[in-house]
Amino acid sequence: MGRKTNQCLETTPEKIKQINPENIQLLNDFMTYLRSVDRSELTINVYENDLLIFFCWGVDNAKNKFFTEINKRDIMMFQNHALQQGCSASRVRHLKAALSSISNFIENILDDEYPNFRSVVRKIENPVNEPVREKTVLAKEQVQSCLDYLVEHKKYEQACFLALAAYSGRRKSELARFKVSYFTDENIIYGSLYKTPEKIKTKGRGRNGKQLICYVLYKPFKPYLDLWLSDRQARGIESEWLFTDVHDRTQPITISRMNSFARTFTKIMGVDVYLHSFRHYFTSELARANIPDSVIQSLVGWDSADMVNVYKDIDADEEFGKYFRDGEIVGQKQSSLSDL
């Protein structure tokens, strides 16, 4: 991404060594449980990191108590500490979610060992969840101008990557999983969409995540795909992955390299570009073309059409323009992908 999350709370190896051994054992048992119910390693690592933050805090601030002895005052003090250290309300909620999860583990799985344990985490009201960073809303002109600049300077891989992000709405980790073989004439449907011939791992529970067929808008993406495929061939890159690790072209592109691309886009556009903003852009452009929410839901792979409104960055005045013009009430234009 083009911006970094503030790491307001950190742990150190020295402090971790001081954590109550009972808490370390409880943490290890909880990690084992999460693996036994097939949670992804990424999810497990997040839980472990957040719980270690709490336990490290507890060494100096909660008498290094065993977790079952933690009370409401401890939770209140930890929440206040996190806020004072600069954590956002959203970050505090995530930390408390980890505490709630391990509490549920004790209540539901270790109830024979701790029959009197009751979670107190939710007894402390969460802080008001206000945005701490302004959301970047990308205009069509900004994205096109960036693409033009990248092509002019022969940065074809970055142009293709930006185009894929903008015209598929896929998450960062998903962009890394696209293969060259997905982009053939046989995989074009209705003359408008590339449809992946196999499912791609997307965000979801379990080590395999949520497996989805993914779609890319054909017309706006194809010119940048062609430029990159030609450049790849000239460079002798033969990887199955559309975007690769710069040090090992047989491997898919790394998160750090995608973040580097986002920083380049930020410099070119002059706004704070993070890759998730293209998910908003994709949703908004489909909505502007009057694609029904149910269709957008299917294209992105959401479980509910309600998610369309979360990602659609169209203000009320723009919406009114679909229905009111020149003093009259007008109907909506026919839905079309050709306007994208």
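Computed from a predicted structure; not experimentally measured.

Caption draft 1: Local environment of the side chain of Asp74. Relative to the elements of secondary structure, Asp74 occurs in helix 4 (residues 72-84). Take Asp74: its relative accessible area is 4%, and that puts it in the buried class. If sequence neighbours within four positions are ignored, Asp74 has contacts with Trp57, Ala62, Lys65 and Glu69.

Caption draft 2: Region of the structure containing a nonpolar patch on the surface. A cluster of nonpolar side chains, contributed by Phe320, Tyr323, Phe324 and Ile329, occupies part of the molecular surface with about 460 Å² of accessible area. Looking at Phe320, the relative accessible area reads 46%, which means it is partly exposed.

Caption draft 3: Geometry of helix 10 (residues 255-269). Look at helix 10: 21 Å from first C-alpha to last across 15 residues, which is about the 21 Å you get at 1.5 Å a residue. Taken residue by residue, helix 10 has Arg257, Met258, Asn259, Phe261, Ala262, Phe265, Thr266 and Met269 as its buried positions. Elements that come into contact with the buried residues of helix 10 comprise helix 6 (140-152), helix 7 (156-168), helix 8 (172-175) and helix 11 (277-288).

Caption draft 4: Geometry of empty space enclosed by the protein. Under the definition given, this model contains three cavities of 30 Å³ or more. There is about 50 Å³ of room inside the largest cavity. Looking at the largest cavity, the residues that line it are Asn23, Phe54, Phe55, Gly58, Ala62, Asn64, Lys65, Phe67 and Ile70. Here the element with the most residues in the lining of the largest cavity is helix 3 (residues 41-61); it accounts for three residues. For the lining of the largest cavity, a count of residues per class yields five nonpolar, three polar and one charged.

How each quantity is defined
Residues numbered from 1 in each chain as written. Predicted model: local features only at pLDDT ≥ 70, side-chain atom pairs only at ≥ 80, totals over all residues. Heavy atoms only, no water. Helix = DSSP H or I, 4+ residues; strand = E, 2+ residues; numbered from the N terminus. Buried < 20%, exposed > 50% of the residue type's maximum accessible area, 1.4 Å probe, protein only. Contact = heavy atoms within 4.5 Å. Patch = residues over 30% accessible without salt bridge, like charges linked within 9 Å, V, L, I, M, F, W, Y side chains within 5 Å. Areas by Shrake-Rupley, 256 points an atom, 1.4 Å probe, with all protein chains shown as cover. Salt bridge = Lys/Arg side-chain N within 4 Å of Asp/Glu carboxyl O. Expected span 1.5 Å × (residues − 1). 1 Å grid on protein atoms, 1.4 Å probe; cavity = no way out; pocket = protein on both sides within 12 Å on 5 of 7 lines; lining within 4 Å. Points joined across faces, edges and corners; volume = space filled by probe spheres on them. Nonpolar A, V, L, I, M, F, W, Y, C, P; charged D, E, K, R; others polar.

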